[in-house]
Amino acid sequence: MRQKVLLVLAAAVLLGAAAWAIWGLVTSTQDRAEQNAIFERLRKISTEDTPTDLGTSSTASDDPSYTEQNDVSASEPEVYSNAAPAEESQGHNISVLHDENPDCVGWVSIEGTDIDYPVMYSPDDPDYYLDHSFEKTQNRHGVPFLDARCNVKTCDNLLVYGHHFVEGEMFSTLHKYTSYSFYEDHPTITLETEDGISEYKIAAVLKVSGTATSTRWSIFNSIYMDERAFAEMVHELEAQTLYTTGVTPVYGDRLLTLATCEYSQKNGRLAVVAVKEQ
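Residues numbered from 1 in each chain as written. Predicted model: local features only at pLDDT ≥ 70, side-chain atom pairs only at ≥ 80, totals over all residues. Heavy atoms only, no water.

Engineer: Would you mind showing me how to read the overall build of the protein here?
Structural biologist: The number of helices and strands found in the protein is four helices and eight strands. Along the protein, helices and strands appear, N-terminal first, in the series α-α-β-β-β-β-α-β-β-α-β-β. Nonlocal contacts in the protein, meaning residues at least 24 apart in sequence, comprise 72% of its contacts between residues at least 6 apart. For the protein, the computed accessible surface area is about 13200 Å², with 54% contributed by carbon and sulfur atoms. (Helix = DSSP H or I, 4+ residues; strand = E, 2+ residues; numbered from the N terminus. Contact = heavy atoms within 4.5 Å. Areas by Shrake-Rupley, 256 points an atom, 1.4 Å probe, with all protein chains shown as cover.)

Engineer: Which parts of the structure should I look at to understand the environment of Glu-111?
Structural biologist: Following the sequence through the fold, Glu-111 ends up in the loop between strand E1 (104-109) and strand E2 (116-120). C-alpha of Glu-111 to C-alpha of Ile-189: the two residues are 78 residues apart in sequence and 7.6 Å apart in space.

Engineer: Just checking my understanding: could you explain the packing of aromatic side chains for this structure?
Structural biologist: For any pair of aromatic rings, the description rests on two quantities: the centre-to-centre distance and the angle between the ring planes. Counted according to the given criterion, the structure contains nine aromatic pairs. Residues Tyr-180 and Tyr-183 carry aromatic rings whose centres are separated by 5.5 Å and whose planes lie at 45° to one another, so their mutual orientation is tilted. Of this pair, Tyr-180 and Tyr-183 are both found in helix H3 (residues 180-185), three residues apart, which corresponds to roughly one turn of the helix. On the accessibility criterion, Tyr-183 (8% relative accessible area) is buried. Taken together, the ring pairs connect Phe-145, Tyr-161 and Phe-220 into an aromatic cluster. (Phe/Tyr/Trp six-rings, centres within 6.5 Å; stacked < 30°, edge-to-face > 60°. Buried < 20%, exposed > 50% of the residue type's maximum accessible area, 1.4 Å probe, protein only.)

Engineer: For this particular structure, what's the right way to read the side chain of Glu-262?
Structural biologist: Within the secondary structure, Glu-262 sits in strand E7 (residues 255-262). Relative accessible area serves as the criterion here: at 5%, Glu-262 is assigned to the buried category. Here the side chain of Glu-262 touches Ser-264 through a polar contact of 2.7 Å, side chain to side chain. (Polar contact = N/O pair within 3.5 Å; in protein donor to acceptor, adjacent residues only side chain to side chain.)

Engineer: Looking at this structure, I do not really get the pairing of strand E6 (residues 196-209). What am I missing?
Structural biologist: Every other side chain in a regular strand lies on the same face of the sheet, so the side chains alternate between the two faces. The buried count for E6 comes to 12 of 14 residues, which makes it a mostly enclosed element. Bridge count between strand E5 (residues 188-193) and E6: six bridges; the pairing is antiparallel. Each residue of the ladder has a partner; that of Leu-191, found in E6, is Ser-198. Between E5 and the antiparallel strand that follows it, E6, lie two residues. (Pairing = 2+ DSSP bridges.)

Engineer: When you look at the pattern of salt bridges in this model, what are you seeing that I'm missing?
Structural biologist: Proximity of charged atoms lets side chains of opposite charge pair with each other. This model, assessed by the stated rule, comprises 10 salt bridges. When the shortest N-O distance is used, the salt bridge between Arg-43 and Asp-116 registers 2.8 Å. With a gap of 73 residues between them, Arg-43 in helix H1 (residues 2-47) and Asp-116 in strand E2 connect regions that are remote in the sequence. Looking at Asp-116, the relative accessible area reads 0%, which means it is buried. Shared partners join several salt bridges into a network, and the residues in it are Arg-41, Glu-100 and Glu-135. (Salt bridge = Lys/Arg side-chain N within 4 Å of Asp/Glu carboxyl O.)

Engineer: Explain the pairing of E5 to me, please; I cannot follow it from the model alone.
Structural biologist: Within E5, six of the six residues are buried, which leaves it mostly tucked inside the rest of the structure. The alternating pattern of E5 places Thr-188, Thr-190 and Glu-192 and Ile-189, Leu-191 and Thr-193 on opposite faces, both of which are buried.

Engineer: Can you walk me through the environment of Gly-91 in this structure?
Structural biologist: If you trace the backbone, Gly-91 turns up in the loop between H1 and helix H2 (94-100). Assessed through its relative accessible area of 5%, Gly-91 is described here as buried. Spatially, the C-alpha atoms of Gly-91 and Gly-196 are 8.9 Å apart, while their sequence positions differ by 105 residues.

Engineer: Explanation requested: helix H4 (residues 227-240) in the structure shown.
Structural biologist: Since one α-helical turn is 3.6 residues long, residues separated by three or four positions face the same way. Taking 1.5 Å as the rise per residue, H4 with 14 residues should run 20 Å; its terminal C-alpha atoms sit 20 Å apart, in good agreement. Along H4, the positions that sit buried rather than exposed are Phe-230, Met-233, Val-234, Glu-236 and Leu-237. Mapping the buried residues of H4 onto a view down its axis gives an arc of 165°, with all of them on the same face. Set apart from the buried face of H4 by more than 90 degrees, the exposed residues are Arg-228, His-235, Glu-238 and Ala-239. (Expected span 1.5 Å × (residues − 1). Arc of directions from axis to C-beta.)

Engineer: Looking at this structure, I do not really get unusual backbone geometry. What am I missing?
Structural biologist: Excluding glycine, a negative phi dihedral is what most residues carry, and trans is how most peptide bonds are arranged. Of note, the phi angle at Met-170 is positive, near 55°, even though the residue is not glycine. Locating Met-170 in the fold gives a position in the loop between strand E4 (157-161) and H3. With a phi angle near 55°, Asn-267 is a residue other than glycine that sits in the positive phi range. Its place among the elements puts Asn-267 in the loop between E7 and strand E8 (268-276).

Engineer: Would you explain the nonpolar core in this entry?
Structural biologist: Counting residues in hydrophobic clusters, the biggest one holds 62 residues, and the most contacted among them are Leu-174, Tyr-177, Ile-189, Ile-219, Met-233 and Leu-258. In terms of residue count, E6 provides more of this core than any other element does, seven residues in total. Aside from chain neighbours lying at most four places away, what touches Ile-189 is Val-108, Ser-109, Ile-110, Ser-198, Glu-199, Tyr-200, Ile-202, Leu-256, Leu-258, Val-272 and Ala-274. (Core = buried A, V, L, I, M, F, W, Y, C linked by side-chain atoms within 4.5 Å.)

Okay, here's the thing in structure tokens:
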């Protein structure tokens, strides 16, 4: 009798686990489909009426700023803004996106990849876009977002976080930067804000802890820096980067860091650090 009860309980546990897995798969698929539809719509409405000569070199008068870290993934969206060379790109009308959702402060893209997303900023609820869509519906795929400590106009290092998914969406592509050949083919990150379009040259690719403390250096604490802190950051980038790109930040440069989850260490992060072109 006891053995029969144990078998029934084991079967119930297995059925429960299977049901949970199926529910998770269905939910993930629905979230991915919702995100793809939203991003496709946003790409369309933010590019259809903008001038076609905005894609020339950096036009931002001030420097953008972003926040917070996360890891998840959504299905691979089609690449629109990267389909044409940068000089022919019409860019995105950030004002249109901001009108739709005031939390939208920019658009980040890497030519030739599926990274092509709006950037959100919600300092009063820093992790909100970890599990919400642009339209503020619950969605585990989230939207790339700026660190709550960053100010888009004054921050020395804009930190933008996005999920890492097995399917390859959101910021999962950043993991390809562990390969130097991938970096050679994709050395530039584009960040668009209401101030214009800025190009950032990749300086370092790091595998780091996502836990930032006051007792040791972390790229996630390198946001506003005096000359000494900036020099320390440059030293750490040179020491920790997976390979040398030939791009070295100089005090006064503006930086952009894209970060996602990395699983070779507990609470790991992969961070791609880039320097704004003058």
